[in-house]
Amino acid sequence: MAQTSRIDQWLSRCGYCSRREARSWVRDGRVQVAALRADSVDQRAAAGDVTVDGEALEGPHGLLVLLNKPAGRVCSHQASEGPSIYDLLPERWQRRNPAINSIGRLDQDTTGVLLLTDLGDLIQRWTSPRHKVPKVYEVTVDAPLDESLIPLFASGTLQLPGEDSPCAPARLQILDVHQARLELTEGRFHQVKRMFGVTGRTVTRLHRSRFGEIELGDLEPGKWRLLEVTDLARA
Ligand code: URA
């Protein structure tokens, strides 16, 4: 049997309006249940039976979003931290309850694959180091790379300053003098920049090209696409 909830809960969960505002939405006839005008906010209904202004509810059981993060945006809801990735999403999503959050964070200057969801258990699962989700980064550095970095990064002994344990083995491919591809299964704070930092190099450009099996395809910087929650099972 489909899960039922009060109409005001569906409307606030999906970001249409607050539970208080739902009263006037229902009064104004904007909400229907099974094609009949809803009579009160405490009427219970399955999400699939509810329409608002003639449209099905959007993502009543949660959203999973792929964003091609552009440089210059922070993964934060705090306006004081700078221009936010969340401002790139539809306004209604910003009112969803629970809120949409990124699955892990990318630095302000890092670009590429960023997943966002309002499903807290997905965030927990896909940021947990136990899951070892592979993340692939395209890295540009300021000083020449050399082959000795490959066994160093793969060794599982690379120690970052201030950390208790060494980094898990990571796969490095050197693409040319200043460019490499790095695959990590962890997500420590500024990990890629710090790993190259230990070797005396500064990362000058960082782009995440893959999270699990999820890639950007033809998604332009700053644009997003909805994914099926099951897509993340592939991650
Ligand atoms: N590692 C970093 O140093 N920065 C990122 O944004 C992601 C991984």
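Since the model is a prediction, treat every value here as computed from it, not as a measurement.

(A) Broad picture of the pairing of strand S10 (residues 135–141). The element S10 is largely enclosed, with a buried count of seven among its seven residues. Every second residue of S10 is oriented toward a common face, with Lys-135, Tyr-137, Val-139 and Val-141 on one face and Val-136, Glu-138 and Thr-140 on the other, all of them buried. With six bridges joining them, S10 and strand S12 (residues 179–184) adopt antiparallel strand pairing. Of the residues in S12, the one forming a bridge with Val-139 is Ala-180. Two strands pair when backbone bridges link them, and S10 and strand S13 (residues 203–211) are joined in this way by seven bridges, in the antiparallel orientation. Bridge pairing in S13 links Val-139 to Leu-206.

(B) Quick peek at the pattern of salt bridges. This model, assessed by the stated rule, comprises 18 salt bridges. As a salt-bridge pair, Arg-13 and Asp-118 come within 3.0 Å of each other at their nearest N and O atoms. In this pair, Arg-13 sits in helix H1 (residues 7–13) while Asp-118 sits in the loop between strand S9 (111–117) and helix H3 (120–127), placing the two residues 105 residues apart along the sequence. Assigned by exposure class, Arg-13 and Asp-118 land together as buried. The salt bridge partner of Glu-163 is Arg-188, with a shortest N-O separation of 2.9 Å.

(C) Molecular detail of the layout of surface pockets. Estimated volume of the largest pocket: approximately 600 Å³. What lines the largest pocket is a set of 31 residues, and nearest its centre among them are Gly-104, Arg-105, Leu-106, Gly-187 and Arg-188. Listing elements by their share of the lining of the largest pocket, those giving two or more residues are H3, S10, helix H5 (191–198) and S13. When its residues are assigned to classes, the lining of the largest pocket shows 13 nonpolar, ten polar and eight charged. Domain assignment of the residues forming the lining of the largest pocket places at least three in each of domain 2 (64–128 + 214–234) and domain 3 (134–211).

(D) Highlighting the nonpolar core. Within the largest apolar cluster, 31 residues are counted, with the highest numbers of intra-cluster contacts made by Leu-116, Val-139, Leu-182, Val-192, Met-195 and Phe-196. Mapped by element, the contributors of at least two residues to this core are strand S7 (64–69), S9, S10, helix H4 (149–154), S12, H5 and S13. Counting the residues that make up this core, at least three belong to each of domain 2 (64–128 + 214–234) and domain 3 (134–211). In this structure Phe-196 touches Val-139, Val-141, Leu-145, Leu-149, Phe-153, Leu-172, Ala-180, Leu-182, Arg-201 and Val-203, once residues within four positions along its chain are discounted. Counting residues in hydrophobic clusters, the runner-up holds 18 residues, among them Trp-10, Cys-14, Val-31 and Leu-57.

(E) A look at the domain arrangement of the protein. Segmenting the protein into domains produces domain 1 (4–56), domain 2 (64–128 + 214–234) and domain 3 (134–211). Spacing between the C-alpha centres of domain 1 and domain 3 amounts to 49 Å.

Conventions and cut-offs
- Residues numbered from 1 in each chain as written.
- Predicted model: local features only at pLDDT ≥ 70, side-chain atom pairs only at ≥ 80, totals over all residues.
- Heavy atoms only, no water.
- Buried < 20%, exposed > 50% of the residue type's maximum accessible area, 1.4 Å probe, protein only.
- Helix = DSSP H or I, 4+ residues; strand = E, 2+ residues; numbered from the N terminus.
- Pairing = 2+ DSSP bridges.
- Salt bridge = Lys/Arg side-chain N within 4 Å of Asp/Glu carboxyl O.
- 1 Å grid on protein atoms, 1.4 Å probe; cavity = no way out; pocket = protein on both sides within 12 Å on 5 of 7 lines; lining within 4 Å.
- Points joined across faces, edges and corners; volume = space filled by probe spheres on them.
- Nonpolar A, V, L, I, M, F, W, Y, C, P; charged D, E, K, R; others polar.
- Domains from an automatic or database assignment.
- Core = buried A, V, L, I, M, F, W, Y, C linked by side-chain atoms within 4.5 Å.
- Contact = heavy atoms within 4.5 Å.

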